[in-house]
There are 2 protein chains.
Amino acid sequence: MTQHDHEPQGVSRRRLVSTVGAAGATGLAVGATGGAVAQAVARDGLAAPTPLTSVGSTRVAFHGKHQAGIVTPLQAVGHLIAFDLVPGARRKQAAALLKRWSRTARELMANESTANPTGVSLDAGPSSLTITFGFGRSFFSRTGLEKQRPNELTPLPDFSGDALDKDRSDGDLWVQIGSNDALVAFDALREIQRQAAGTARLRWQMNGFTRTPGATRRPMTMRNLMGQVDGTNNPKRSEPNFDRRIFVPASGSPAWMANGSYAVVRRIRMLLDDWDKRTRNEQERVIGRRKSDGSPLTGGNEDTEPDLEKRGPDGSPVIAADAHARVAAPETNGGAAMLRRPFSYHDGFRDDGAPDAGLLFIAWQADPQLGFVPVQRKLDRGDALSRFIRHEASGLFAVPGGPAKGEYVGERLLEG
Amino acid sequence: MTQHDHEPQGVSRRRLVSTVGAAGATGLAVGATGGAVAQAVARDGLAAPTPLTSVGSTRVAFHGKHQAGIVTPLQAVGHLIAFDLVPGARRKQAAALLKRWSRTARELMANESTANPTGVSLDAGPSSLTITFGFGRSFFSRTGLEKQRPNELTPLPDFSGDALDKDRSDGDLWVQIGSNDALVAFDALREIQRQAAGTARLRWQMNGFTRTPGATRRPMTMRNLMGQVDGTNNPKRSEPNFDRRIFVPASGSPAWMANGSYAVVRRIRMLLDDWDKRTRNEQERVIGRRKSDGSPLTGGNEDTEPDLEKRGPDGSPVIAADAHARVAAPETNGGAAMLRRPFSYHDGFRDDGAPDAGLLFIAWQADPQLGFVPVQRKLDRGDALSRFIRHEASGLFAVPGGPAKGEYVGERLLEG
């Protein structure tokens, strides 16, 4: 089996996840388990864990139709970093930075030994490392590229529940790092920041985590720090309109965003002290799903569609009018869909004693006005869950398609 | 094979690490891999990773001669938390808290479903969860137990390189949580804090991490965020005087500390921007070991003893006079030894742009005056590494022996 770097054939638009030998072969080779992993990825987009035997050796391809880190299975550790260009840095310097970053991402994701200046990730395999790059609205004015700025980067509307910290929102450039090993992820973070020196300065950075591969008894959807199964209703790659909803078409506009996607990033703090005081029944009423397995309160298992019409003996809907599962359901949102791929975060405790913890919500879509915005508008008006969460930071980034071999991320924008 | 909970027979003083079935059996049973794990633990104290197939299912026994979390293989995620008793809480309330905490630790470490109020760790196995409890010097005056206060809790001396934040140092009570799954660890942290309500308030909390089991190509000693192999010179459990150095003897004083140990906790920030600017040669000269594999500059592999007498062609010592490996070597410290079991930490970036990252150094010893103190005195005077690190917080805690079945941690102190 041969792997085609730019646009894989034979595994129909699935990002190839390859397993390299224990010695860290530098050539691209899809191992025996590669197909199984790709299949698992395709099954439900996110939830399938990396097979246990390949936690360290699993490698995600840098080149491809889409950037890595969007439909890649969610990794155990994530870093989100935003940068602003320094005064004087314009298009030329930005292009050089994206070139450096792309080379670094390619080398680190391939686990090539030349790309390991800090030594932190020595001994480790690629550990499913992904590095994903995006552009914020402010990038385009700073680089004189206003004409290339996508309409999709129109600022998100204000939501009544927002309490946004501007210093931890937005940014010219956005980088998402994910890996199943914390040291591999940290090494990548250090290197990405080192490469930025002189061109872009750190604006904000957030650390996230999810479950360790193999910690659960069976592959299943992630839980968030409220203990809820989170991601059940994600669109599945097997659905015919998955690509249309998540990715900009190859013929889309602007042309440099072909096969790209838009990332909505929200730091959502959870009021866990309040939440954990509620009984399990109260919590399940807020969500509309059972805590144990994520199944709808109307019965079945996690994959069963909620019966939004079903009423209980007293005539009231089994899934309450303000239950999160109802308000967020695609069928109540004109089919709007986004691919949620969040990390949890926990930065210790706030001065008021409450845990500074919650969700680094990341939603991917072809158009935020058709994905995140209408869903969040509905949630903002009538979601029972909103009493237990605070949106504290927000960003919206244009994430170009994956680079062809020899190309760097954003080249079609910056050299266009 | 039968497991004896209090004092294991037949596996000579090794803490039993048991592997429960995928369905989460509640009975204690040592699976087929249990022996292999115990053997690996015995080999070098810390470095052996949990076998890949049991990341989630590996369970560490709560009952035993020593508390869990000391010679247990280092987990991927750690939380350190210090509490102070609230005004009015005295010995009786402290005893009740330790009783609650012990029950919770036993249940969570055994992955018993009754002990999962937040739901965060639902679906996961025990994932090598350990919860370890200690008492700080201030605990004894607040509870009228001054006569039971060990001399070993004499405050650590000031070191010239210290820049300690009092708010993140010391504390009446100390809890160390470790797990190979971040959600399991978070769940335990939440529950430990919930149990404290009304009796003790949070003083400080730190989050740490290490490598994910299975991320490296072979089992090996951990790396820290400087990229150095860290822990090579740890005493090995196979050494005849390991127990004498690390644990208070069964006949030791005070009697309630029999089989206990003293934990020195230091938050050591690494000046990574400075460090990463040095060449690999310069870094290796500071440490006295090769970055690639931790072998001494005088040759051999990681396990080879450094040849401290060896001189280069120019007559100067190959391992420099101020090299960390020389200054910290047990042979230059009168045989002082401690078991270092640190987590790395990374809390984003400081206001000055430097990474807030480094080591949550935890050293275990029978007597800090014979373990940490003399070594740190030498390092403080002449360690080349000290230019690249800052000790920012410090704690010293008496960690009692492991509880017998039916006993709670600290019972011999609090009911004595």
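Residues numbered from 1 in each chain as written. Chains lettered and ligands numbered in written order. Predicted model: local features only at pLDDT ≥ 70, side-chain atom pairs only at ≥ 80, totals over all residues. Heavy atoms only, no water.

A. Structural context of the overall build of chain A. Along the backbone of chain A there are 10 helices and 11 strands. Across the 416 residues in chain A, those meeting the buried criterion constitute 62%. By sequence separation, contacts in chain A at least 24 residues apart represent 78% of the contacts at least 6 residues apart. Accessible surface computed for chain A: about 15400 Å², of which carbon and sulfur atoms make up 49%. (Helix = DSSP H or I, 4+ residues; strand = E, 2+ residues; numbered from the N terminus. Buried < 20%, exposed > 50% of the residue type's maximum accessible area, 1.4 Å probe, protein only. Contact = heavy atoms within 4.5 Å. Areas by Shrake-Rupley, 256 points an atom, 1.4 Å probe, with all protein chains shown as cover.)

B. Layout of the side chain of threonine 143 of chain A. Residue and element names in this part refer to chain A. For threonine 143, the location among the structural elements is in the loop between helix H3 (137–142) and strand E5 (173–179). One polar contact links the side chain of threonine 143 to the main-chain carbonyl oxygen of phenylalanine 139, over a distance of 2.7 Å. Not counting the four nearest positions on each side in its chain, threonine 143 is found in contact with Leu85, Arg90, Arg91 and Ala94. (Polar contact = N/O pair within 3.5 Å; in protein donor to acceptor, adjacent residues only side chain to side chain.)

C. Spotlight on the relation of the copies chain B and chain A. The two copies are related by a screw motion: chain B maps onto chain A through a turn of 180° and a shift of 0.0 Å along the axis, at an RMSD of 0.0 Å. Taken together, the rotation angle and the small translation identify this as a two-fold axis. A share of 100% of the interface residues of chain B reappears at the interface of chain A, consistent with the copies meeting face to face through the same patch. (Least-squares fit on C-alpha atoms with pLDDT ≥ 70 in both.)

D. Inspection of helix H2 (residues 91–109) of chain B at higher detail. In this model, H2 of chain B (19 residues) spans 26 Å end to end at C-alpha, consistent with the 27 Å of a helix rising 1.5 Å per residue. Positive phi appears at asparagine 111 of chain B, one or two residues downstream of H2 of chain B, with a value of about 60°. (Expected span 1.5 Å × (residues − 1).)

E. Just the pattern of salt bridges, in detail. This model, assessed by the stated rule, comprises 40 salt bridges over all chains. Here arginine 190 of chain B and aspartate 273 of chain A are joined by a salt bridge, their closest N and O atoms 3.1 Å apart. Taken together, the residues span two chains, with arginine 190 of chain B in helix H4 (residues 182–196) and aspartate 273 of chain A in helix H6 (residues 272–277). The buried category is assigned to arginine 190 of chain B, whose relative accessible area is 8%. Because the salt bridges share partners, they merge into one network encompassing Asp165, Arg168, Arg269, Arg350, Asp352 and Glu392 of chain A. (Salt bridge = Lys/Arg side-chain N within 4 Å of Asp/Glu carboxyl O.)

F. Inspection of helix H9 (residues 372–382) of chain B at higher detail. All names here are of chain B. Within H9, the full set of buried residues consists of Phe372, Val373, Val375, Gln376 and Leu379. Looking straight down H9, one finds that the buried residues subtend no more than 160° of arc, so they occupy a single side. On the buried face of H9, the contacting elements are strand E7 (261–270), helix H8 (324–327), strand E10 (355–365) and strand E11 (389–399). (Arc of directions from axis to C-beta.)

G. Looking closely at the interface of chain B and chain A. Counting residues at the interface gives 60 residues for chain B, matched by 60 residues for chain A. For the pairing of chain B and chain A, the buried interface totals around 4600 Å² over both sides, and the portion due to carbon and sulfur atoms is 52%. Our count for the contact surface shared by chain B and chain A stands at 8 salt bridges. For the pair chain B and chain A, the number of links is 28 residue pairs in polar contact (both at pLDDT 80 or more). For the side of chain B that touches chain A, the secondary structure elements donating two or more residues are H4, strand E6 (200–209), helix H6 (272–277), strand E9 (343–349) and E10 of chain B. (Buried area = accessible area lost by both parts, 1.4 Å probe.)

H. Molecular detail of the confidence of the model for chain A. All names here are of chain A. Averaged over all residues, the pLDDT of chain A equals 86, while 86% of them reach at least 70. In this model, residues 1–52 is a region of pLDDT below 50 whose contacts with residues beyond four sequence positions or in other chains number 107 contacts. The ipTM for the predicted assembly is 0.88, set against a pTM of 0.89. (pLDDT = per-residue confidence, 0-100.)

I. Region of the structure containing the packing of aromatic side chains. For the structure shown, the criterion picks out 24 aromatic pairs over all chains. Judged by centre distance (5.8 Å) and plane angle (35°), the rings of phenylalanine 140 of chain B and tryptophan 256 of chain B are tilted. Placement of the pair is phenylalanine 140 of chain B in helix H3 (residues 137–142) and tryptophan 256 of chain B in the loop between helix H5 (242–246) and E7, with a sequence separation of 116 residues. In terms of burial, phenylalanine 140 of chain B and tryptophan 256 of chain B fall into one category: buried. The rings of Phe135, Phe139, Phe140 and Trp256 of chain A are connected pair by pair, giving a single aromatic cluster. Cation over ring: arginine 267 of chain A sits above tyrosine 345 of chain A, and NZ or CZ is 3.9 Å from the ring centre. (Phe/Tyr/Trp six-rings, centres within 6.5 Å; stacked < 30°, edge-to-face > 60°. Lys NZ or Arg CZ within 6 Å of the ring centre and 35° of its normal.)

J. Representation of unusual backbone geometry within the structure. All names here are of chain A. Residues serine 253 and proline 254 are joined by a peptide bond in cis, for which omega reads -10°. Looking at where proline 254 falls in the secondary structure, it is placed in the loop between helix H5 (242–246) and strand E7 (261–270). Unusually for a residue other than glycine, aspartate 123 sits at a positive phi of about 80°. You can see aspartate 123 is positioned in the loop between helix H2 (91–110) and strand E4 (130–136). For aspartate 123, a relative accessible area of 13% puts it in the buried group. Located in the positive-phi region is asparagine 259, a residue other than glycine, with phi close to 65°.

K. View of the packing of H2 of chain B against H4 of chain B. Residue and element names in this part refer to chain B. Closest axis-to-axis distance for the H2/H4 pair is 9 Å, and the angle between their directions is 160°. Here H2 lies roughly antiparallel to H4, going by the angle between them. Crossing of H2 over H4 shows right-handed handedness. Every residue of H4 that contacts H2 at Leu97, Arg100, Trp101, Arg103, Thr104 and Leu108 is listed here: Asp187, Ala188, Glu191, Ile192, Gln195 and Ala196. Counted by class, the contact of H2 with H4 contains 6 nonpolar, 2 polar and 4 charged residues. (Axes fitted to C-alpha atoms, helices over the stretch in contact; angles between N-to-C directions. Parallel < 35°, antiparallel > 145°, perpendicular 65-115°, else oblique. Left-handed = near helix turned anticlockwise from the far one by under 90°. Nonpolar A, V, L, I, M, F, W, Y, C, P; charged D, E, K, R; others polar.)

L. Molecular detail of the environment of aspartate 314 of chain A. Residues and elements named next belong to chain A. Locating aspartate 314 in the fold gives a position in the loop between helix H7 (280–287) and helix H8 (324–327). Judged by its relative accessible area of 63%, aspartate 314 is exposed. When the C-alpha atoms of aspartate 314 and threonine 132 are compared, they prove to be 50 Å apart, with 182 residues separating the residues in sequence. At 2.8 Å, the side chain of aspartate 314 and the side chain of serine 316 are in polar contact.

M. Looking closely at the pairing of E7 of chain B. All names here are of chain B. Here E7 lies mainly inside the structure; 10 of its 10 residues are buried. Residue alternation in E7 divides its side chains into two sets, Ser261, Ala263, Val265, Arg267 and Arg269 and Tyr262, Val264, Arg266, Ile268 and Met270, and both sets are buried. The pairing of E7 with E11 spans 10 bridges and is classified as antiparallel. Residue valine 264 lies in a different strand from E11, and its bridge partner there is leucine 396. In the sheet, E7 pairs with E10 via 8 bridges, with the strands oriented antiparallel. By the bridge assignment for E10, arginine 269 is matched with glycine 358. (Pairing = 2+ DSSP bridges.)

N. Focus on the environment of glycine 208 of chain B. With respect to the helices and strands, the residue glycine 208 of chain B is situated in strand E6. Not counting residues within four places of it along the chain, the set of residues in contact with glycine 208 of chain B comprises Ala76, Val77, Gly78, Phe343, Ser344 and Leu360 of chain B.

O. Examining the pairing of E5 of chain A more closely. Residue and element names in this part refer to chain A. For E5, the buried fraction is high: 7 of the 7 residues fall into the buried class. Across the two faces of E5 the burial is the same, with Leu173, Val175, Ile177 and Ser179 and Trp174, Gln176 and Gly178 all buried. Sheet topology note: the strand E3 (residues 77–85)/E5 ladder contains 7 bridges and is antiparallel. Looking across to E5, one finds that histidine 79 is bridged to isoleucine 177. Pairing geometry for E4 and E5, over 6 bridges, is antiparallel. Paired with threonine 132 across the strands is glutamine 176, a residue of E5.

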